[in-house]
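# Fold and geometry: a report
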Amino acid sequence: MVTMKDIARECEVSIATVSKALSGRTDIGEDTRSRILKTAEALGYMTNSAARALKTNRTYNIGVLFVDEQESGLTHEYFSAVLDSLKCEAEKHGYDITFINRNVGEHGTTYLQHSRYRGVDGVVIACVNFNDPQVVELVESGLPVVTIDHVFNNRLAVLSDNTDGMMTLVNYICSMGHRKIAYIYGDDTTVTRNRMTGFYRACEANGLEIPEEYVIPGRYHESKLCYKATQQLLQMKERPTCIIFPDDFSYIGGMNAIHEAGLRIPEDISAVGYDGIGLSRIVSPPLTTYVQDTKVLGETAASKLIELIEHSKTVIMDRVIVSGRLQEGRTVKKLEA
């Protein structure tokens, strides 16, 4: 293993000078620093993480609490995109990622215990039951925390603008002449409540009165349940002309129910999704949906957490809102007035 002594010998400087260059000290010349850093890289020098932790009182390790109740794991395209962006941003700052769970080996632990066992400097929390007492314990522990799409008092949160996103979708559907709009909504979460608010705000702004039976429960990333919910809507005497699905993946269940009923999209009934995952662009016809900016969501969560870890006394515990955009596919028919 390459040591600082090897670098010092190669550069013909003292070990102390090498140490200053590698630790970012400013009391050496820029040419000397540059030469040492280039030599260290050429020789394959790696700092010892344990030594760095002792010196900085940090492990440069970020915990990620990600619990997908649908058990789709990292095949869930929306969250995998957010987490990939988060990982890339963290690595730019020299941090590694560790997933937090309830186990250490064969022994059960709490999320907080696991975080402390792994020695993480902070935790990003996403896709979890935020009402879980163990999640609340972690948030209230004093460990730096950033949540995605959920707000705790006096904690940093990065939020996709779900209210505005749903309003954008509904306004677009109305602009295409639709008045009978159904909404299959997802699990009871902050995300769903915000989208529901956006749905009713936009309906009210467009002078629509939505029958209660047009708004029915489904689940995120659950095509089977949305298949049944779509069947329920199609069997109504006065069926909707457009259906909003919880997300793009769930739309597949609804699409199958529509096709099995002998109907065409959008000629006989229109549909929209939410998220803007790759699937939305390869189905036929391409799905009209709202694209969430997963890249910015992940990057912002990582950068805000690192800022909180490294500058805890100067960070404002605010909410960062990340906007998305409408993806105008071909699943919404223009109705004649």
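The preceding data block contains the structure.
Here the residue numbering is sequential within each chain, running from 1 through the sequence in written order. A pLDDT threshold of at least 70 governs which residues receive local features in this predicted model, and a stricter bar of 80 or more applies before side-chain atom pairs are shown or counted, although totals over entire chains, interfaces and linings include all residues. By convention in this description, side-chain values take in all heavy atoms of the structure and omit both hydrogens and water.

Pairing between strands is defined by DSSP: at least two bridges between the two strands are required. A helix here means a DSSP run of H or I that spans at least four residues, while a strand means a run of E at least two residues long, and both kinds are numbered starting from the N terminus. Across the sheet, which stays open at both edges, the 4 strands sit in the order β9-β8-β10-β11 with parallel pairing between neighbours. Each of the sheet's edge strands pairs with one partner strand only, and the pair in question is β9 (215-217) and β11 (270-272). Adjacent strand axes in the sheet meet at a mean angle of 20° when their direction is disregarded. By the bridge criterion, 3 bridges tie strand β8 (residues 181-185) to β9 in an arrangement that is parallel. Residue Ile 184 lies in a different strand from β9, and its bridge partner there is Ile 216. The strands touched by helix α10 (residues 223-234) are β8, β9 and β10 (242-244); relative to β8, the strand with the most contacts, the crossing angle is about 155°. Interaxial angles span 0 to 180 degrees and are taken between N-to-C directions of axes, which are lines fitted to C-alpha atoms, for helices over the stretch in contact. Residues count as neighbours in contact if any of their non-hydrogen atoms are within 4.5 Å of one another.

Attention now goes to unusual backbone geometry. Cis geometry marks the peptide bond from Ile 265 to Pro 266, where omega comes out at 5°. Checked against the element boundaries, Pro 266 lands in the loop between α11 (248-260) and β11. A cis amide bond links Ser 284 to the next residue, Pro 285, at an omega of -5°. The phi dihedral of Cys 127 is positive, around 50°, even though this residue is not glycine. Within the secondary structure, Cys 127 sits in the loop between β5 (122-126) and α7 (133-139). Summary of the burial criterion: residues with accessible area below 20% of their type's maximum are buried, those above 50% are exposed, and those between are partly exposed, where the area comes from a 1.4 Å probe applied to protein chains only. Classification of Cys 127 as buried rests on a relative accessible area of 17%. The phi angle at His 221 is positive, at roughly 55°, despite the residue not being glycine.

In these notes, a set of buried Ala, Val, Leu, Ile, Met, Phe, Trp, Tyr and Cys residues joined through side-chain atoms within 4.5 Å is what counts as a nonpolar core. Grouped together as the largest cluster of nonpolar side chains are 42 residues, with contacts concentrated most on Met 166, Val 170, Ile 181, Ile 184, Phe 199, Ile 244 and Tyr 251. Only α8 (162-175), β8, α9 (190-205), β9, α10, β10, α11 and β11 provide two or more residues apiece to this core. The biggest single contributor to this core is α8, with 6 residues. Excluding residues that lie within four positions of it along the chain, Phe 199 makes contacts with Met 166, Val 170, Ile 181, Tyr 183, Ile 210, Val 215 and Ile 244. With 28 residues, the next largest nonpolar core counts Val 64, Cys 127, Ile 148 and Ile 277 among its residues.

As a further point, take the environment of Ile 100. Mapped onto the elements of the fold, Ile 100 is located in the loop between β2 (96-99) and β3 (103-104). Among the residues examined, Ile 100 registers a relative accessible area of 4% and is labelled buried. Residues Ile 100 and Glu 10, 90 residues apart in the sequence, show an inter-C-alpha distance of 42 Å. When sequence neighbours within four positions are dropped, the list of residues in contact with Ile 100 reads Gly 63, Val 64, Leu 65, Tyr 111, His 114, Ser 115 and Val 120.

Further remarks concern the packing of aromatic side chains. Two aromatic rings, drawn from Phe, Tyr or Trp (for Trp, its six-membered ring), form a pair once their centres lie within 6.5 Å of each other, and the interplanar angle then sorts them: stacked below 30 degrees, edge-to-face above 60, tilted otherwise. One pass over the structure, following the stated rule, counts 9 aromatic pairs. Within the aromatic cluster, the residues linked to one another by ring pairs are Tyr 183, Tyr 185, Phe 199 and Tyr 200. Between the NZ or CZ atom of Arg 195 and the centre of the ring of Tyr 274, over which it lies, the distance is 3.7 Å. For a ring to carry a charge above it, either NZ of a lysine or CZ of an arginine must fall within 6 Å of the ring centroid while also lying within 35 degrees of the normal to the ring plane.

This part covers the sheet that holds β5. Here we have 6 strands laid out as an open sheet, ordered β2-β1-β5-β6-β7-β13, and parallel in their pairing. With partners counted over all chains shown, the strands left at the sheet margins are β2 and β13 (319-322), one partner each. Neighbour-to-neighbour, the strand axes of the sheet open up by a mean angle of 20°, direction not taken into account. Across 4 bridges, strand β7 (residues 156-160) lies against β13 in parallel orientation. In the sheet register, Val 158 faces β13, and the bridge partner there is Val 320.

Turning to the packing of helix α5 (residues 77-92) against helix α13 (residues 294-310), a few remarks are in order. Running from N to C, α5 and α13 cross one another at 45°; their axes reach a closest spacing of 7 Å. When the interaxial angle is binned, α5 and α13 end up oblique. At the point where α5 passes α13, the crossing takes the right-handed sense. Judged by residue contacts, Tyr 78, Ala 81, Val 82, Ser 85, Leu 86, Glu 89 and Ala 90 of α5 engage Thr 294, Lys 295, Leu 297, Gly 298, Glu 299, Ala 301, Ala 302, Ser 303 and Ile 306 from α13. Grouping the amino acids of the contact of α5 with α13 by side-chain chemistry returns 9 nonpolar, 4 polar and 3 charged. Convention used here: angles under 35 degrees read as roughly parallel, angles over 145 as roughly antiparallel, angles from 65 to 115 as roughly perpendicular, and any remaining angle as oblique. Each helix crossing is assigned a hand: it is left-handed if the near helix lies turned anticlockwise from the far helix by less than a right angle, otherwise right-handed if that turn is clockwise. Each residue gets one of three labels, nonpolar for Ala, Val, Leu, Ile, Met, Phe, Trp, Tyr, Cys and Pro, charged for Asp, Glu, Lys and Arg, and polar for the others, Gly among them.

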